[in-house]
Amino acid sequence: MSESPQLRNESIKFECLAGRMMQVEGKVKPDQRKGKIRLSLDDQGMMHFQWIDLATGNIEEDIVVFTFDGFYKVLQTKSRVYLLEYSGERAFYWFQEPDPSKDLDICKSIDDLIKNQEINDDPEPASIPEPQRPQPDNANPLAKILAQFSQGRIEHTPSLDKILTPEVLDSLSQDPEFQEVLIPYLPEGQNSADFLRENLLSPQLQQALKVISAAINSEAGLAVISSLGLHQYIPPMNEYGDFIDALIKAIQRKADANRRE
Amino acid sequence: MAEWCTIESDPGVFTELIKQIGVKGAEVEEIYSIDNLEDCKPVYGLIFLFKWMSGPQKECMEFYDPDLFFANQVITNACATQAILSILLNSKLDIGPELRNLREFAMPLDSQTKGLTIGNSEVIRNAHNSFARQEPFELVKVKATEDDDVFHFVSYIPFNGHIYELDGLQPGPIHHGECNEEDWLEKIKPVLFERIQKYSENEIRFTLLAIVNNKKEIAEAALREQQSHISAIQSKLMSLGVEIDSSYMEIEFDEDYFNNLPDDINQLQSELYAKQEAAKQQQNIVENESFKNKKWKEENVRRRHNYIPFILALLQKLADKNQLIPLLEQAKKKKKRDNPEQQEALNK
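- Going by an unreviewed UniProt entry, chain B carries the name Ubiquitin carboxyl-terminal hydrolase and comes from Blepharisma stoltei.
- The heading Catalytic activity (unreviewed entry) in the UniProt record of chain B holds the text "Thiol-dependent hydrolysis of ester, thioester, amide, peptide and isopeptide bonds formed by the C-terminal Gly of ubiquitin (a 76-residue protein attached to proteins as an intracellular targeting signal)."
- Turning to chain B, the UniProt record has this under Subcellular location (unreviewed entry): "Nucleus".

- The name given to chain A in an unreviewed UniProt entry is 26S proteasome regulatory subunit RPN13, with the source organism recorded as Blepharisma stoltei.

Structure representation (structure tokens):
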């Protein structure tokens, strides 16, 4: 078997010049080699995000990306740094295209390709592809995470409905501070303190808590947290267990940040 | 074919659903005990809901009453709605123009095509989908809870002197003997009982729903009648010189009823008392039913509500008050207490 797997029947969807950035001791440092990012569709309809060393032509990174993954500009820096968020992990790149004014367009093209890839008719589109061919070590981080879970090495955080139990919710219903904040978000026609308690204790709210928990516990967890407007507060990977933990900590970080202001 | 979403199997949901389709004077009620089945009379049909298991194909009728509307289930997620429709389409209820047209159009078609016709009805689909569970995340389709097992619904109806089981996954109706409208509930009980026992033994959850008359409308009609009788009796008493303090005087009454009233004041007064008591009872039913309908409505509003902003605001407020992390720790502790083995495994 070949060391650098060239996928058979793959079709290249996009290429641009970019180098990798390596995470070293909490810092992101550029790898000076010239390279390119390639997006290609394999014969099973899976979208691969690859990084290729221009000098050797080797595919050094091969990551299967799903519609809930994404490619974004790193906003904390003015330099040409971009990141791929996939299955709860991040990989960083720096653009090497001659014309920096096109960077944002390229970024958007990559993100669009990832997000709008055709979903095949497989009933479980989010299933993990079987790694039958040799893949670079980091190609399937999700499988690693899942394996850790199944071996019980990562502690599962209780889901939101277990944190916000009926007893907890009931006690909040009488608190004027919570009433003031929450009443505007109640369903139409139910915007009163009496209805607040009814809503807090309703099976519909419990259902909603379960739905959010399930979405956050899915592979797309970080993307879901980002979509809740908490992107900038997600703690570094080594500071949270699973994604529910990440959500709770992100919300606490937001509260702490607001307080500092 | 356009998509049908899964909806919750709840009497409040189904009652509003059939109203939206245009059915008049009916509601869906949950039956908790089949011993009380007769209390709901008249029952137009029963819906049995259970977790689907594959099983041998049942003995179905190949030829049956041509007036019986039997449709195969060709759309997924719509089986509850389809079970309700198969009762309505075979009932004497006022099912409204949409269902009348559907019945007329699809009657001559085979059962497969009948199923397709239901699937293609925009009015039915829109009503059904308006009860869609909130799926707030486009990013990810999640199985919300363990409640999402595959459920199946079958209907039982009396029709032209026979009891039929209508199961859209079977090739035809299943015959359960002869009946009349009076005794069909009595006769269907053993069939239901057998089925319930089978599921209970396997610890399979099931639900029994009935399509019955709209209880509020019935009570309101009865109340109106009692009130008109009261009004008639009071008028009669006044004509006999008795002083009456009445709030029912403006209510119109039936001349025949008035003319047939006795002339004896005592008799009239005891009759009046009986009618007033009966009216009170009906008034209670109307109030209880109004309350139930109001609750159902509120629940349906909540089913359609997006709670994400509410939950985020709640979590944020807890975090602002430094209560969130303690609650998380508390839940973790409880989880450890509840799952000691798992904890042991974690420590290894």
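### Here we look at the overall build of chain A
Okay, step 1: The helix and strand inventory of chain A stands at nine helices and eight strands.
Okay, step 2: Across the 261 residues of chain A, 50% fall into the buried class.
Okay, step 3: Partitioning the intrachain contacts of chain A with sequence separation of at least 6 by distance along the chain shows that 51% fall at a separation of at least 24.
Okay, step 4: Of the roughly 13,400 Å² of accessible surface on chain A, a fraction of 51% belongs to carbon and sulfur atoms.

### Concerning the overall build of chain B
Okay, step 1: Scanning chain B for helices and strands turns up 12 helices and six strands.
Okay, step 2: Every one of the 348 residues in chain B was classed for burial, and the buried ones make up 45%.
Okay, step 3: The contacts of chain B with a sequence gap of at least 6 include a subset with a gap of at least 24, amounting to 76%.
Okay, step 4: When the accessible surface of chain B is summed, it comes to about 18,500 Å², and 48% of that surface belongs to carbon and sulfur atoms.

### Observations regarding the UniProt feature "site: Transition state stabilizer" (unreviewed entry) in chain B
Okay, step 1: According to UniProt, the feature "site: Transition state stabilizer" (unreviewed entry) maps to Q73(B) in the numbering used here.
Okay, step 2: For Q73(B), the contacting residues outside a window of four places in its chain are C79(B), Q82(B), H152(B), G168(B) and L169(B).

### Let's talk about the pattern of salt bridges
Two side chains bearing opposite charge may form a pair once their charged atoms approach each other closely.
Okay, step 1: If you walk through the whole model with that rule in mind, you get 40 salt bridges over all chains.
Okay, step 2: With a closest N to O distance of 2.9 Å, K249(A) and D245(A) form a salt bridge. Remark: D245(A) and K249(A) occur in helix α9 (residues 243-260); sequence separation between them is four residues, near one turn of the helix.
Okay, step 3: A relative accessible area of 4% means that D245(A) is categorised as buried.
Okay, step 4: With a shortest N-O distance of 2.9 Å, R195(B) and E165(B) are connected by a salt bridge. Here R195(B) is found in helix α6 (residues 184-201), whereas its partner E165(B) is found in strand β4 (residues 162-166), with 30 residues between them in sequence.
Okay, step 5: By sharing partners, the salt bridges in this structure join R20(A), D31(A), R33(A), D53(A), E60(A) and E61(A) into a single network.

### Re the environment of Y82(A)
Residues and elements named next belong to chain A.
Okay, step 1: Mapped onto the fold, Y82 is located in strand β7 (residues 81-86).
Okay, step 2: When its relative accessible area of 2% is taken as the criterion, Y82 is described as buried.
Okay, step 3: With 10 residues separating them in the primary sequence, Y82 and Y72 have C-alpha atoms 5.6 Å apart.

### Points about the interface of chain B and chain A
Many descriptions give the size of an interface as the accessible area lost when the pieces come together.
Okay, step 1: The partner chain A presents 54 residues to the 43 residues of chain B that form the contact.
Okay, step 2: Buried area between chain B and chain A, summed over both chains or domains, comes out near 4,600 Å², and the portion from carbon and sulfur atoms is 71%.
Okay, step 3: For the pair chain B and chain A, the number of links is 14 residue pairs in polar contact (both at pLDDT 80 or more).
Okay, step 4: Elements represented by at least two residues in the side of chain B that touches chain A include exactly α9 (265-303), α10 (308-320) and α11 (324-338) of chain B.
Okay, step 5: With 13 residues, the top contributor of residues to the side of chain B that touches chain A is α10(B).
Okay, step 6: Taken together, the residues of the side of chain B that touches chain A break down into 24 nonpolar, six polar and 13 charged.

### Focus on the pairing of strand β3 (residues 35-41) of chain A
Residues and elements named next belong to chain A.
Okay, step 1: Counted residue by residue, β3 has six buried out of seven residues, so it is predominantly covered.
Okay, step 2: Sheet analysis places β3 next to strand β4 (residues 47-53), joined by seven bridges and oriented antiparallel. Opposite I37, over in β4, you have W51 as the bridge partner.
Okay, step 3: In textbook terms, the turn of a hairpin is the stretch between consecutive antiparallel strands, and for β3 and β4 this stretch comprises five residues, one of which, G45, has a positive phi near 80 degrees.

### Side note on the sheet that holds strand β2 (residues 43-51) of chain B
All names here are of chain B.
Okay, step 1: The antiparallel open sheet is built from six strands, whose spatial order is β1-β6-β2-β3-β4-β5. Two strands close off the open sheet at either side, each with one partner strand: β1 (26-31) and β5 (174-178). Sheet twist, expressed as the average angle between the axes of neighbouring strands with direction ignored, equals 20 degrees.
Okay, step 2: Across six bridges, the pairing between β2 and strand β3 (residues 151-159) is antiparallel. Bridge pairing in β3 places F50 opposite H152.

### Some details on the environment of H305(B)
Okay, step 1: Relative to the helices and strands, H305(B) is located in the loop between α9 and α10.
Okay, step 2: Since its relative accessible area comes to 17%, H305(B) is described here as buried.
Okay, step 3: One polar contact links the side chain of H305(B) to the main-chain carbonyl oxygen of Y185(A), over a distance of 2.9 Å.

### Here we look at the confidence of the model for chain A
Residues and elements named next belong to chain A.
Okay, step 1: Across chain A, the average pLDDT comes to 79, with 80% of residues at 70 or higher.
Okay, step 2: Within chain A, no element has a lower average pLDDT than helix α2 (residues 141-150), which sits at 49, and none a higher one than helix α5 (residues 176-182), at 94.
Okay, step 3: Considering only residues more than four positions removed or in separate chains, one finds that residues 1-7, a stretch of pLDDT under 50, has 13 contacts.

### Here we look at a negative patch on the surface
Okay, step 1: On the surface, a cluster of negative charge is made up of E225(B), D254(B), E255(B) and D256(B).
Okay, step 2: Tracing the sequence through the fold places E225(B) in helix α7 (residues 215-239).

### Things to note about helix α3 (residues 96-106) of chain B
All names here are of chain B.
Okay, step 1: All buried positions along α3 are accounted for by G96, L99, L102 and A106. Viewed along the axis of α3, the buried residues span an arc of 100 degrees, placing them on a single side of the element. Those residues of α3 that are exposed and aimed more than 90 degrees away from the buried face are P97, E104 and F105.
Okay, step 2: The secondary structure elements touched by the buried residues of α3 are α1 (11-21), α2 (79-88), α4 (111-120) and α5 (122-129).

Criteria and cut-off values
Residues numbered from 1 in each chain as written. Chains lettered and ligands numbered in written order. Predicted model: local features only at pLDDT ≥ 70, side-chain atom pairs only at ≥ 80, totals over all residues. Heavy atoms only, no water. UniProt positions renumbered as here; feature names shortened; annotations may be inferred. Helix = DSSP H or I, 4+ residues; strand = E, 2+ residues; numbered from the N terminus. Buried < 20%, exposed > 50% of the residue type's maximum accessible area, 1.4 Å probe, protein only. Contact = heavy atoms within 4.5 Å. Areas by Shrake-Rupley, 256 points an atom, 1.4 Å probe, with all protein chains shown as cover. Salt bridge = Lys/Arg side-chain N within 4 Å of Asp/Glu carboxyl O. Buried area = accessible area lost by both parts, 1.4 Å probe. Polar contact = N/O pair within 3.5 Å; in protein donor to acceptor, adjacent residues only side chain to side chain. Nonpolar A, V, L, I, M, F, W, Y, C, P; charged D, E, K, R; others polar. Pairing = 2+ DSSP bridges. Axes fitted to C-alpha atoms, helices over the stretch in contact; angles between N-to-C directions. pLDDT = per-residue confidence, 0-100. Patch = residues over 30% accessible without salt bridge, like charges linked within 9 Å, V, L, I, M, F, W, Y side chains within 5 Å. Lys, Arg positive; Asp, Glu negative; His and termini not counted. Charge placed at Lys NZ, Arg CZ, Asp CG, Glu CD. Arc of directions from axis to C-beta.

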